[in-house]
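Breakdown of the fold
Residue-level listing of the chains:
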Amino acid sequence: MIQFSQVTVNYGYVPGALKDINLQLRDGDFTLLIGPTGSGKSTLLRLIYMDILPSSGTVTVDKWSSYRISPRQINVLRRNIGVVFQDFKLIENMSVFDNVALPLVIEGYRRKYIIRLVRLLLDEVNMLQSERQQASTLSLGEKQRVAIARAMAKNPFVIIADEPTGNLDREASRNVLSLLERIHQNGTSVIMATHDYELIKDTPYRRIYMENGQILPPDRTFSPLNQRINLLADPQ
Amino acid sequence: MKFFFILRQTFNNLWRERTPVVATVLTICIALTILIALFEVSWTLYSQLSDLKSNLVIEVYLDPALSEKQAGTIQKQLEQYNTIERIRFISKETAADIFREEFGENITDILDENPLPISFEIRLLPEYNHPGYMSLFKKQVESISGVDEVHYRHAVIEKLEQLTEAIMVSGIFVLIILVFAMNLLIRNTIKLSVYAKRRQIEIMKILGAGNMLIRMPFILEGAFEGLIGGILSATGLIVMHKFIASSFSLVTFSLHTYKLIWVYTLSLGILIGLLTSAGSVGKFVNKIFSKK
Ligand SMILES: Nc1ncnc2c1ncn2[C@@H]1O[C@H](COP(=O)(O)OP(=O)(O)O)[C@@H](O)[C@H]1O
Ligand SMILES: [Mg+2]
């Protein structure tokens, strides 16, 4: 379970990137975080893998709490979370194989086990044929699939995807979404931030709407205001 | 696997920054070579100096007109000095014997009578075997009535002592500059490598990598530079030794010396590289991420 209670984030002298957020995300859910650029989606996600800590309030992720966590424990937490980004965050001059192997190397697994597991993961995202290729040579859609394989490597209890389709075309976007859906069906929680309303409009998942660092109340989800947000979220 | 990952990263860093790495390795090599050579030269000079000193005698020549009895009272006077290890009395006859041994002729054959004065050969206690005390001693003894002259080979010793000192001082001066340069260059390659890998470091942090895994490749990079610098330095030193040994047949260097050179250069090189990089990598990594 992931819980935000009265969480506020100020970046330096810029206040209110998030304002008094209260939110609960249950294990096994697929959650969509929807809102225009600058609404605080990334900030909220960064709190989950504790890339930043709240200025006030508490974030609880599984058995870890942002209130008193050591740098060492933050590393342990991150090794139990899968993260996917708009810009993929692959190591460009390493092979596809080495990129997916990285979390397993960090964990200190044995070579034999790593080889078997990475092949399985690459097969899962349909990238096994490119395992020797350097990450920089891949198409954007392929890069994101490799990134998802890497995020899945440690069999995390939650996958955090921050606008994973932001740089992809329609087809690659659908491909990535269906991959995340498959991961969800296998029991992993998925939290995906997006401003691509078109992509997710027919999905049945829980939607959390954000604006100006705040979560909009559920009763306004289908209000005219929300229509405006949807327009903002999907400028095309 | 972690180990291989670290090694691969290390060599990747070294290859990526090869130009500054070569400059750093050469500086380490030169510094180690000078350090070891300086140590050897000053050690050789020092041991020769102490050899010379321990064989050094002060010769006290008495007035030729003095009788052996009068000489005896002067010896008593000299024996009052507790800085003296021993005194050897050299009679006129002994002096003539020495003369014969050295020049192969009887002095009494050349001259009618033995003109050689009675003298003493004085050896000072080792802790007083330095020019400062010796010149004081000379002055004091020369003031004793009946003493004609006091001699010792101070010139050679003073020269040698000055030489040793000059070599040490200039060597240490050069060495300080080189150690400074070495430190600067090692830190520079680590800084460049960390900067080149900043995105990878950021990604590894997001994946939960600990400080050890993130920093180790850079620490080993410094250690490896030290290792290569050490190997080059040892090779250079041994070649120089072979050259010196073949041009002066007097000096020979044993296998033992070569082993010691390897041990010193390698362990010093690795230690310097390791400590310098380990001491700076954390700062460079933090600097990159402090803006976040
Ligand atoms: N590193 C940062 N430093 C200062 N302000 C930031 C930083 N990151 C985000 N912000 C600000 O915080 C607010 C929320 O940003 P973000 O969480 O990135 O929104 P989103 O992901 O929805 O586009 C924005 O106003 C943004 O300008
Ligand atoms: Mg964002």
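Residues numbered from 1 in each chain as written. Chains lettered and ligands numbered in written order. Predicted model: local features only at pLDDT ≥ 70, side-chain atom pairs only at ≥ 80, totals over all residues. Heavy atoms only, no water.

Here we take up the overall build of chain A. The helix and strand inventory of chain A stands at eight helices and ten strands. Since a compact globule built from 236 residues should have a radius of gyration of about 18 Å, the 18 Å found for chain A is in line with a globular shape. By principal-axis analysis of the C-alpha atoms, chain A measures approximately 50 × 45 × 35 Å. The buried share of chain A, taken over its 236 residues, is 57%. Roughly 11,100 Å² of accessible area belongs to chain A as shown, and the carbon and sulfur atoms make up 48% of that amount. (Helix = DSSP H or I, 4+ residues; strand = E, 2+ residues; numbered from the N terminus. Rg over C-alpha atoms; globule rule 2.2 N^0.38 Å. Buried < 20%, exposed > 50% of the residue type's maximum accessible area, 1.4 Å probe, protein only. Areas by Shrake-Rupley, 256 points an atom, 1.4 Å probe, with all protein chains shown as cover.)

A common measure of how large an interface is: the accessible area buried when the components associate. Listed by partner, the interface residues are 19 residues for chain B and 24 residues for chain A. Its largest share of buried area at the contact with chain A, chain B owes to B:Met1, B:Ile206 and B:Leu207, together 36% of the area lost on that side. Where chain B touches chain A, the interface holds three salt bridges. Between B:Glu202 and A:Lys89 there is a salt bridge whose closest N-O contact spans 3.3 Å. (Contact = heavy atoms within 4.5 Å. Buried area = accessible area lost by both parts, 1.4 Å probe. Salt bridge = Lys/Arg side-chain N within 4 Å of Asp/Glu carboxyl O.)

Another point: empty space enclosed by the protein. A probe matching the size of a water molecule, rolled over the atoms, marks out where space remains unfilled. All names here are of chain B. One pass over the structure, following the stated rule, counts five cavities of 30 Å³ or more. Reported here for the largest cavity is a volume of approximately 80 Å³. Forming the boundary of the largest cavity are Phe 5, Gln 9, Asn 13, Lys 197, Gln 200, Ile 201, Met 204, Leu 213, Ile 214, Pro 217 and Phe 218. Tallying contributions element by element places helix α9 (residues 211-247) first for the lining of the largest cavity, with four residues. (1 Å grid on protein atoms, 1.4 Å probe; cavity = no way out; pocket = protein on both sides within 12 Å on 5 of 7 lines; lining within 4 Å. Points joined across faces, edges and corners; volume = space filled by probe spheres on them.)

Grouped together as the largest cluster of nonpolar side chains are 73 residues, with contacts concentrated most on A:Ile148, A:Leu180, A:Met192 and B:Val194. Take this core: its biggest share by element is eight residues, from helix α3 (residues 96-107) of chain A. Apart from residues no more than four positions distant in its own chain, B:Val194 is found in contact with B:Ile201, B:Phe218, B:Val281, B:Phe284, B:Val285 and B:Ile288. Grouped together as the second largest cluster of nonpolar side chains are 33 residues, A:Ile48, A:Tyr49, A:Ile160 and A:Ala193 included. (Core = buried A, V, L, I, M, F, W, Y, C linked by side-chain atoms within 4.5 Å.)

Attention now goes to the sheet that holds strand β2 (residues 14-25) of chain A. All names here are of chain A. In space, the four strands of this open sheet follow the order β2-β1-β4-β5, with antiparallel pairing throughout. The sheet is open, and its two edges are formed by β2 and β5 (64-65), each paired on a single side. Judged from the five bridges that link them, strand β1 (residues 2-11) and strand β4 (residues 56-61) form a sheet pairing that is antiparallel. In the sheet register, Gln 3 faces β4, and the bridge partner there is Thr 60. Helix α1 (residues 41-48) contacts β1, β2 and β4 of the sheet and is inclined by roughly 120 degrees relative to β1. (Pairing = 2+ DSSP bridges. Axes fitted to C-alpha atoms, helices over the stretch in contact; angles between N-to-C directions.)

All names here are of chain A. Per the stated rule, a full pass over the model turns up 16 salt bridges over all chains. Here Lys 41 and Glu 163 are joined by a salt bridge, their closest N and O atoms 3.6 Å apart. Here Glu 163 lies in the loop between β7 (158-162) and α6 (170-185) and Lys 41 lies in helix α1, a separation of 122 residues in the sequence. Accessibility classification places Lys 41 together with Glu 163 in one group, the buried group. The residue Arg 170 makes a salt bridge to Asp 196 at a minimum N-O spacing of 2.9 Å. Taken together, the residues span a long stretch of sequence, with Arg 170 in helix α6 and Asp 196 in the loop between β8 (189-194) and α7 (197-200) at a distance of 26 residues. By relative accessible area, Arg 170 is classed as partly exposed at 37%.

The next thing to look at is the site of ligand 1. All names here are of chain A. Residues in close proximity to ligand 1 include Tyr 11, Ala 17, Pro 36, Thr 37, Gly 38, Ser 39, Gly 40, Lys 41, Ser 42 and Thr 43, which together make up its full environment. The backbone of Gly 38 places a nitrogen or oxygen atom 2.6 Å from an oxygen atom of ligand 1. With respect to ligand 1, the backbone of Gly 40 contributes an N or O atom lying 3.1 Å from an oxygen atom. Protein chains bury 62% of the 560 Å² of accessible surface belonging to ligand 1 in isolation. (Near = heavy atom within 4 Å. Polar contact = N/O pair within 3.5 Å; in protein donor to acceptor, adjacent residues only side chain to side chain.)

Take it as geometry only, folks, not as evidence of what the structure does.
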